[in-house]
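Spelled out, the chains give:
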Amino acid sequence: MRLEFELPVVVRARHGRAAAEKTVMGFVPHVAEIAESELRDAPLALAYQQPGLDSPSMQRVEYRALDGHLWTEVGTVPSAPAVAMTMGSSEIPPFFSGRKGVAEKLDKVMRQLSSGRWQPAKVIAPNSLVVHAVEKRADYRFEPLMAMPLQGDVEGQVVPQIEAFDTQLRDFVLIDGRVYRREPEPLIRLYPDGQWLSAGVERRGYARRQIRTPNALPRSVGWFRLDDRSGLAEEAEIIIAAMGDPGPLNDRISRIEVYDRSVLRASPEGHAIYDVADAMRRHFQAEISRNADGEEPGAVIGRWLAEAPIRDVGYFKAISGKLRGDPILDDVPTELEEAFMAIAEDETGKFANFTGTGRLRVFAREVARRWRDRPVSMDFVGKVPSLLF
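Below, the structure is looked at part by part.

**Considering the overall build of the protein**
And step 1. If you tally the helices and strands in the protein, you get nine helices and 16 strands.
And step 2. Here the protein holds 389 residues, and the buried ones make up 44% of them.
And step 3. By sequence separation, contacts in the protein at least 24 residues apart represent 71% of the contacts at least 6 residues apart.
And step 4. About 20,500 Å² of surface is accessible on the protein, with carbon and sulfur atoms providing 50% of the total.

**Quick word on the pattern of salt bridges**
And step 1. Applying the stated criterion across every chain, the model contains 17 salt bridges.
And step 2. The shortest N-O distance in the salt bridge between Asp278 and Arg281 comes to 2.5 Å. Of this pair, Asp278 and Arg281 both sit in helix 5 (residues 268-288), three residues apart, roughly one helical turn.
And step 3. Assessed through its relative accessible area of 17%, Asp278 is described here as buried.
And step 4. Shared partners join several salt bridges into a network, and the residues in it are Glu235, Glu269, Arg365, Glu366, Arg369 and Arg370.

**A word on helix 4 (residues 229-242)**
And step 1. Under the 1.5 Å per step criterion, the end-to-end length of helix 4 is 20 Å for 14 residues, consistent within 8% with the ideal 20 Å.
And step 2. Just downstream of helix 4 lies Gly244, where phi reads positive at about 95°.

**A look at the sheet that holds strand 11 (residues 187-193)**
And step 1. Pairing in this open sheet of four strands is mixed, and the strands run 13-11-12-14 from one edge to the other. Every interior strand has two partners, whereas the edge strands, strand 13 (222-224) and strand 14 (250-251), have only one.
And step 2. In the sheet, strand 12 (residues 196-202) pairs with strand 14 via two bridges, with the strands oriented parallel. Residue pairing across strands places Ser198 opposite Asn250, the latter belonging to strand 14.

**A look at the packing of helix 7 (residues 310-320) against helix 8 (residues 334-344)**
And step 1. The contact between helix 7 and helix 8 brings their axes to 8 Å, and the two run at 135°. On the basis of the axis angle, helix 7 is oblique to helix 8. Between helix 7 and helix 8 lies a crossing whose hand is left-handed. Mapping the contact onto sequence places Arg311, Tyr315, Ala318 and Ile319 in helix 7 and Glu335, Leu336, Ala339, Phe340, Ala342 and Ile343 in helix 8.

**What about the pairing of strand 11?**
And step 1. When you tally the buried positions in strand 11, you get six out of seven residues, the bulk of the element.
And step 2. With seven bridges connecting them, strand 11 and strand 12 associate as antiparallel partners. Across the sheet, Arg189 pairs through a bridge with Gly200, a residue of strand 12.
And step 3. Where strand 11 folds back onto strand 12 in an antiparallel hairpin, the turn is made up of two residues, including Gly194, whose phi is positive at roughly 70°.

**A look at the environment of Ala32**
And step 1. As for its placement among the helices and strands, Ala32 is situated in strand 2 (residues 22-33).
And step 2. Under the relative-accessibility criterion, Ala32 is labelled buried at 7%.
And step 3. Each C-alpha atom of the pair Ala32 and Met1 lies 8.3 Å from the other, and the pair is 31 residues apart in sequence.
And step 4. When residues no more than four places from it in sequence are discounted, the contact partners of Ala32 are Met1, Arg2, Leu3, Asp166 and Leu169.

**Details of the nonpolar core**
And step 1. Of all hydrophobic cores here, the largest spans 32 residues; its most connected members are Met280, Tyr315, Ile319, Leu336, Phe340 and Ile343.
And step 2. When residues of this core are traced back to their parent elements, those giving at least two are helix 5, helix 6 (299-307), helix 7, helix 8 and helix 9 (358-373).
And step 3. Broken down by element, the residue count for this core peaks at eight residues, all from helix 5.
And step 4. Setting aside residues up to four positions removed in sequence, Met280 forms contacts with Ile319, Ser320, Ile343, Phe354, Leu360 and Ala364.

**Topic: the pairing of strand 9 (residues 172-175)**
And step 1. Here strand 9 shows no split at all, with Phe172 and Leu174 on one side and Val173 and Ile175 on the other all buried.
And step 2. Here strand 3 (residues 36-37) pairs with strand 9 via two bridges, running parallel. What sits directly across from Glu36, in strand 9, is Leu174.
And step 3. Bridging between strand 9 and strand 10 (residues 178-183) involves four bridges; their strand directions are antiparallel. Bridge pairing in strand 10 links Leu174 to Val179.
And step 4. Between strand 9 and strand 10, which pair antiparallel one after the other, the connecting turn spans two residues, and Asp176 there sits at a positive phi close to 55°.

**Some points on helix 3 (residues 154-169)**
And step 1. For helix 3, with 16 residues, the first-to-last C-alpha span of 23 Å sits near the 22 Å given by 1.5 Å per residue.
And step 2. Taken as a whole, helix 3 has its buried residues at Val154, Val158, Ile162, Phe165, Gln168 and Leu169. Each buried residue of helix 3 lies within a common arc of 115° when the element is viewed along its axis, so the set occupies one face.
And step 3. The backbone nitrogen of Gly156 lies 3.0 Å from a side-chain oxygen of the residue at the head of helix 3, namely Asp153.

Scoring rules and cut-offs
- Residues numbered from 1 in each chain as written.
- Predicted model: local features only at pLDDT ≥ 70, side-chain atom pairs only at ≥ 80, totals over all residues.
- Heavy atoms only, no water.
- Helix = DSSP H or I, 4+ residues; strand = E, 2+ residues; numbered from the N terminus.
- Buried < 20%, exposed > 50% of the residue type's maximum accessible area, 1.4 Å probe, protein only.
- Contact = heavy atoms within 4.5 Å.
- Areas by Shrake-Rupley, 256 points an atom, 1.4 Å probe, with all protein chains shown as cover.
- Salt bridge = Lys/Arg side-chain N within 4 Å of Asp/Glu carboxyl O.
- Expected span 1.5 Å × (residues − 1).
- Pairing = 2+ DSSP bridges.
- Axes fitted to C-alpha atoms, helices over the stretch in contact; angles between N-to-C directions.
- Parallel < 35°, antiparallel > 145°, perpendicular 65-115°, else oblique.
- Left-handed = near helix turned anticlockwise from the far one by under 90°.
- Core = buried A, V, L, I, M, F, W, Y, C linked by side-chain atoms within 4.5 Å.
- Arc of directions from axis to C-beta.
- Polar contact = N/O pair within 3.5 Å; in protein donor to acceptor, adjacent residues only side chain to side chain.

Here you go:
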């Protein structure tokens, strides 16, 4: 399908006789192609039901398999005419929205300018676009960039933005006239929710549900494939019992349907390790600043390091250290894997040198037990008939 857009761009340039560069926001006409497929070429692979992010009513989310990827409907059909982006509106075309989308980036830039320490940058608009779009939250239609008398390396700034948009556009496809977005495999997330545990399907990388937890609790204690709901129930019973039986599992999922098991390739245990390691790191860093009156900073951690075995120092260094900002992938970094294997090899599960809360110790022990007892395999042979859970 051929799409024509007025693509928003941001450049730094001199306008007219201006001696200094300004932040200029405008648009450039852009033509792009979005791939089209028939419904028979993209069979239904996964489906589930659970309450929506913004509504308590049940939502059915379907994933179709196409070209070795999973695609899910975004619910918006693009129109052939040019699309003008309306700032401050939730009705933004799907190609501009989503995590790290064009609309999100522009809104972030304007909010930074409006709340920055220095006077907001003046732009080519009535007064300031910052005031116009952020404070008044009014509609603003960008001007054509080529119609502005700009001086400077405008093309060098615009081309990378167009290329980034085209890259983002490749995550969309038309199937039977509807727009689908490519997403990673959804997983069931088991996470602390107050005094008990909750479970829900997580659409990783797109519809992430923010979970607020204290420093000593992980954001998740387990990840499970859609065909392992029974395993989820078993693990939840074990963890709830270890927590002192605070109550039943709050299962938000109404129905799971797996039609093609070959699409289930994620390594869920790796995500649980990351989440528990992050909780340990946050707790470990908080402990560093908890010194007695009159002590030098870091005294408490110095005492711990002096008394801890070399093995414990090694794996806590790997867990508590910053993970270099690496993205969470299916493969666990070597040092983090070695750290959790060291924990998993501790048959007692007492973690005598770990000063975390009892709840965090329970979560760390259970994740380590799953890592030890059920090594992850991503090998699936053939396809199976429809599985309903």
